[in-house]
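# An overview of the molecular structure
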Amino acid sequence: MIREEPHVIWSLDGFSKQDEFLRTQHTISREQIIKLREVITPDADDPWMTYSYDVPLDAWPAVEEILQCGPPDPCLYYQTSAIAAD
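All residue numbers refer to position in the chain's written sequence, counted from 1. Per-residue local features are limited, in this predicted model, to residues with pLDDT of at least 70; the limit for side-chain atom pairs, both in listing and counting, is 80 or more; totals at the level of whole chains, interfaces and linings are taken over all residues. Each side-chain value is derived from all of the structure's non-hydrogen atoms; neither hydrogens nor water enter the calculation.

Now for the sheet that holds strand β3 (residues 53-54). Two strands are said to pair when DSSP picks up at least two bridges between them. For the purposes of this entry, the term helix denotes a DSSP run of H or I that reaches at least four residues, the term strand denotes a run of E that reaches at least two, and both are numbered from the N terminus. Sheet architecture is open: four strands sit in the order β2-β1-β4-β3, paired in antiparallel fashion. In the strand order of this sheet, the two ends are held by β2 (22-28) and β3, each with one partner. Inspection of the sheet shows strand β1 (residues 8-16) paired to strand β4 (residues 76-84) by nine bridges, in the antiparallel sense. Across the sheet, Val-8 pairs through a bridge with Ala-84, a residue of β4. Only heavy atoms matter for contacts: two residues are in contact if any of them lie within 4.5 Å across the pair. Between N-to-C directions, angles cover 0 to 180 degrees, with each direction set by a line fitted to C-alpha atoms, over the stretch in contact for helices. Where helix α2 (residues 60-67) meets the sheet, its contacts fall on β1, β2 and β4, and the angle it forms with β1 comes to roughly 135 degrees.

Set out below in structure tokens:
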């Protein structure tokens, strides 16, 4: 059973491989996070993906299809994240 949806804003974050600074951010909708968790399996206690999860490049075709975010930048590594909504 999936807990009630938290009040968060999800995003796909791209961090520099050189200095680890955030370089890009793409907002993820509720509908997209539901689809995305079929590609990136969240922890059993985190069905709404409120923790950060690495996005492997081999999963990128499915991620791009869901998020329509374009190709990955080879200079970045990607993670999902969630922050509290107002």
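Back to the text.
Once that is clear, we can look at the environment of Asp-58. Its place among the elements puts Asp-58 in the loop between β3 and α2. Any residue under 20% of the maximum accessible area for its type is buried, any over 50% is exposed, and the rest in between are partly exposed; the area is computed with a 1.4 Å probe on protein chains only. On the accessibility criterion, Asp-58 (71% relative accessible area) is exposed. Taking the C-alpha atoms as reference points, Asp-58 and Pro-74, separated by 16 residues in sequence, lie 13 Å from one another.

Moving on, we come to the pattern of salt bridges. Only one rule defines a salt bridge in this text: a Lys or Arg side-chain nitrogen within 4 Å of an Asp or Glu carboxyl oxygen. Here the structure, examined in full by the defined rule, presents one salt bridge. When the shortest N-O distance is used, the salt bridge between Arg-23 and Asp-19 registers 2.5 Å.

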